Amino acid sequence: KFTSVNIIKNNLSIIKHTETIKNDYDYVLVAVIAPLVETRSHAKKIFGKKYYEIYTFCSLETLIRRDTKNLYKKAEKKILNNLIGFNSTIKYQKSRYKTVKVDTEKFNLNQSIRIIKNAINI
C-alpha cells in the first residue's frame, strides 16, 4: 500500500542498503519513486556531495504504455489505490537541491544517459 509511512519506510530501507554498498562501486544509481522531501533530505545528509537527484518524467499516457507491472491498469480498476502520480493523495514535493531533470518522452535512452552523465561530471 502506498501510504506516506510505507513510502518513507521503503525509501529509508533503500538508503540504508545503498550506504552499505556505496564503497564497492564508483557509482550507484538507485531508481525509486521518492516523492517526499524527508527521505531525499536524509539521503543528501548521508551521501553529501556524491548525492544527485535525477527526476525523470513523461506524460501519463506514455507512463501507462510503459507499465510492465500493469500497476496503472490495476489503479484504473480501483484494485490498487494511492498509486503515486495517478490516483494518489501523496503529491511529489519539490526538491531542495539541484535536480537533474530528464524528459524521457523527449529524449531516448542514450540521450538521457548523456544528460545525466554531463550533469554529474562523468
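What you are looking at is a predicted structure, and each value in this text was computed from that prediction instead of being measured.

Engineer: Just to check I follow, could you spell out helix 5 (residues 109-119) for this structure?
Structural biologist: Because the α-helix completes a turn every 3.6 residues, residues three or four places apart line up on one side. Backbone nitrogen of Asn-110 and a side-chain oxygen of the N-cap are separated by 3.0 Å at the start of helix 5; the cap is Asn-108. Directly after helix 5, the chain includes Asn-121, whose backbone phi takes a positive value near 60°.

Engineer: Mind showing me how you'd approach helix 1 (residues 4-21) here?
Structural biologist: Given a rise of 1.5 Å per residue, 18 residues ought to cover 26 Å, and the 26 Å separating the end C-alpha atoms of helix 1 matches this to within 8%. Ile-7, Ile-8, Asn-11, Ile-15 and Thr-18 are the residues of helix 1 that are buried. Taken down its axis, helix 1 places every buried residue within 95° of arc, on the same side. Residues of helix 1 that are exposed and point more than 90 degrees away from the buried face comprise Val-5, Lys-9, Lys-16 and Thr-20. Tucked into the core, helix 1 has its buried residues touching helix 2 (37-47).

Engineer: I would appreciate a short explanation of the nonpolar core in the present structure.
Structural biologist: Most often, soluble globular proteins keep nonpolar side chains buried together rather than apart. Grouped together as the largest cluster of nonpolar side chains are 5 residues: Ile-7, Ile-8, Leu-36, Ile-84 and Ile-90. With sequence-adjacent residues up to four places away left out, Leu-36 is seen in contact with Ser-4, Ile-7, Ile-8, Ile-90 and Gln-93.

Engineer: Quick question: what am I supposed to make of the pattern of salt bridges here?
Structural biologist: A side chain of one charge can pair with a side chain of the opposite charge if their charged atoms are brought near each other. By the definition in use, this model includes 1 salt bridge. Here Glu-53 makes a salt bridge to Arg-40, at a shortest N to O gap of 3.3 Å. Separated by 13 residues along the polypeptide, Glu-53 in strand 1 (residues 53-57) and Arg-40 in helix 2 bring together distant segments of the chain. Residue Arg-40 is classed as buried on the basis of its relative accessible area, which comes to 6%.

Engineer: Is there a simple way to explain the environment of Asn-118 in this structure?
Structural biologist: Mapped onto the elements of the fold, Asn-118 is located in helix 5. The sequence separation of Asn-118 and Val-100 amounts to 18 residues, and the corresponding C-alpha distance is 9.7 Å.

Engineer: Explanation requested: a nonpolar patch on the surface in the structure shown.
Structural biologist: On the surface, a nonpolar cluster with roughly 310 Å² of combined accessible area is contributed by Tyr-25, Val-28, Val-30 and Val-32. For Val-32, the location among the structural elements is in the loop between helix 1 and helix 2. Judged by relative accessible area, Val-32 falls into the partly exposed class, the value being 36%.

Engineer: What exactly am I supposed to notice about the side chain of Asn-11 here?
Structural biologist: As for its placement among the helices and strands, Asn-11 is situated in helix 1. Assessed through its relative accessible area of 3%, Asn-11 is described here as buried. Within the structure, the side chain of Asn-11 is placed 3.5 Å from the backbone oxygen of Ile-33, a separation counted as a polar contact. With near-sequence residues (within four places) excluded, Asn-11 lies in contact with Val-32, Ile-33, Ala-34 and Thr-39.

Here is what the cut-offs are and how they apply
Residues numbered from 1 in each chain as written. Predicted model: local features only at pLDDT ≥ 70, side-chain atom pairs only at ≥ 80, totals over all residues. Heavy atoms only, no water. Polar contact = N/O pair within 3.5 Å; in protein donor to acceptor, adjacent residues only side chain to side chain. Helix = DSSP H or I, 4+ residues; strand = E, 2+ residues; numbered from the N terminus. Expected span 1.5 Å × (residues − 1). Buried < 20%, exposed > 50% of the residue type's maximum accessible area, 1.4 Å probe, protein only. Arc of directions from axis to C-beta. Contact = heavy atoms within 4.5 Å. Core = buried A, V, L, I, M, F, W, Y, C linked by side-chain atoms within 4.5 Å. Salt bridge = Lys/Arg side-chain N within 4 Å of Asp/Glu carboxyl O. Patch = residues over 30% accessible without salt bridge, like charges linked within 9 Å, V, L, I, M, F, W, Y side chains within 5 Å. Areas by Shrake-Rupley, 256 points an atom, 1.4 Å probe, with all protein chains shown as cover.

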